[in-house]
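Structure assessment
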Amino acid sequence: MTGAMAALTALAGSAALLAGLGLLYAAWARPARGRWPVLAGWMAALVGAVLWGLADGGDRGVAVGVVMFVALALAVLLWRRRRGPVAAVRAGSAGRAAPTAPTGAGPAGLGRRIGVGLLVGPGAGLAAVALVLALFGALDRAGAHVTAAIVAGYVVLPLLWAGLAVWALMAPGLARKAAVVAGPGALGAGLFWLLV
C-alpha cells in the first residue's frame, strides 16, 4: 500500500473509530433508543480497527486502532466528567436529576465493593484460566500442535477474562456475581480434568 493510500485508510479508520465512539456515547446518554446504536457503534469501532490494520500492517495497525479507540473513549469520559453535574448547574440546566451516591457508598458498603472487586478481578481471571486450560486440553486431545494451543490460549484468555468480568458486574447481587464467575470456572476445571 502506498503512503498516500495508507494515510487515507488510517484517516478513514480514525473516522470510523470516532463514529463508533459517538454512537456508543449516544446510546449511553439515551438508553431508550434500544440496542441498535450500541451494535452500530461497536461495528464502526471494529471497522476502524480493521482499517487501521490495513493501513499500518495487520498486528501493529489493529493495536494502534484499539489504542486510539481507548484513548478517545478516555478523552470523552474525562470531558464528560469535566462537564458533569457541577457544570450543568452552573449553566442553569434545569430538569436534570441530581447525581446520587452509588449503591453501597460509605463504610457499610466497603466489604461489598471489595468482594465485587475480587470477583471481577482475580476471580474472573482464574475462571478464564480454567476455561483456557480446558481449551488447551481439547486442542491437545484433537492433535493440535502445542504452539497452536498456547497461542489460542493467549488470544482467548483476555477475551474470556473481560467477558466474565463484565458479565459478573452486570449480574444483580453478590451471590449472582459469584455464580457467574464460579460456574464457568468450575466448568473449565472439570473439562480440563476430564481431557488431561
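Residues numbered from 1 in each chain as written. Predicted model: local features only at pLDDT ≥ 70, side-chain atom pairs only at ≥ 80, totals over all residues. Heavy atoms only, no water.

**Some words on the nonpolar core**
The condition that has to hold: We define a nonpolar core as any set of buried Ala, Val, Leu, Ile, Met, Phe, Trp, Tyr and Cys residues linked to one another through side-chain atoms lying within 4.5 Å. Using a 1.4 Å probe on the protein chains alone, a residue whose accessible area is under 20% of its type maximum counts as buried, one over 50% counts as exposed, and one in between counts as partly exposed. The helix and strand labels rest on DSSP assignments: H or I over at least four residues marks a helix, E over at least two residues marks a strand, and numbering proceeds from the N terminus. Any two residues whose heavy atoms approach within 4.5 Å at even a single point are treated as in contact.
In terms of nonpolar packing, the biggest core is built from 13 residues, with Val120, Leu164, Ala168 and Val181 touching the most fellow members. Secondary-structure elements contributing two or more residues to this core are helix 5 (110-141), helix 6 (146-170) and helix 7 (174-195). Looking at which element gives the most residues to this core, the answer is helix 5, with seven residues. When near neighbours in sequence (up to four residues on either side) are disregarded, Val181 contacts Leu119, Gly123, Ala124, Ala127 and Ala168.

**Structural notes on helix 5**
Threshold: Helix span, expected: 1.5 Å multiplied by one less than the number of residues in the helix. The quantity called bend is, for any residue, the angle between two axes fitted respectively to the seven residues ending at it and the seven beginning at it.
Compared with an ideal rise of 1.5 Å per residue, which puts 32 residues at 46 Å, helix 5 spans 45 Å between its outermost C-alpha atoms and is within 8% of the ideal. Gly123 marks the point of greatest bend in helix 5, at about 35 degrees. Backbone geometry just downstream of helix 5 places Gly143 in the positive-phi region, at approximately 90 degrees.

**Notes on the packing of helix 5 against helix 6**
Think of two packed helices as two axes; the pair is described by the angle between the axes and how far apart they sit. Going by this rule: Axis lines are fitted through C-alpha atoms, for helices just across the contact stretch, and the angle between N-to-C directions can take any value from 0 to 180 degrees. Working rule for angles: under 35 degrees goes down as roughly parallel, over 145 as roughly antiparallel, 65 to 115 as roughly perpendicular, anything else as oblique. A clockwise turn of the near helix away from the far one marks a right-handed crossing, whereas an anticlockwise turn of less than a right angle marks a left-handed crossing. Note on residue categories: nonpolar means Ala, Val, Leu, Ile, Met, Phe, Trp, Tyr, Cys or Pro, charged means Asp, Glu, Lys or Arg, and polar means any other residue, Gly included.
Interaxial distance between helix 5 and helix 6 falls to 7 Å at its minimum, and their mutual angle equals 150 degrees. In terms of orientation, helix 5 and helix 6 fall into the roughly antiparallel class. Read as a crossing pair, helix 5 and helix 6 show a hand that is right-handed. Residue classes in the contact of helix 5 with helix 6 are distributed as 23 nonpolar, three polar and no charged.

**Comments concerning the pattern of salt bridges**
Put simply, the rule is: Definition used for salt bridges: Asp or Glu carboxyl oxygen within 4 Å of a side-chain nitrogen of Lys or Arg.
On inspection of all chains with the given rule, the structure shows one salt bridge. A salt bridge links Arg60 to Asp56, with the nearest nitrogen and oxygen atoms 3.1 Å apart. Take Asp56: its relative accessible area is 27%, and that puts it in the partly exposed class.

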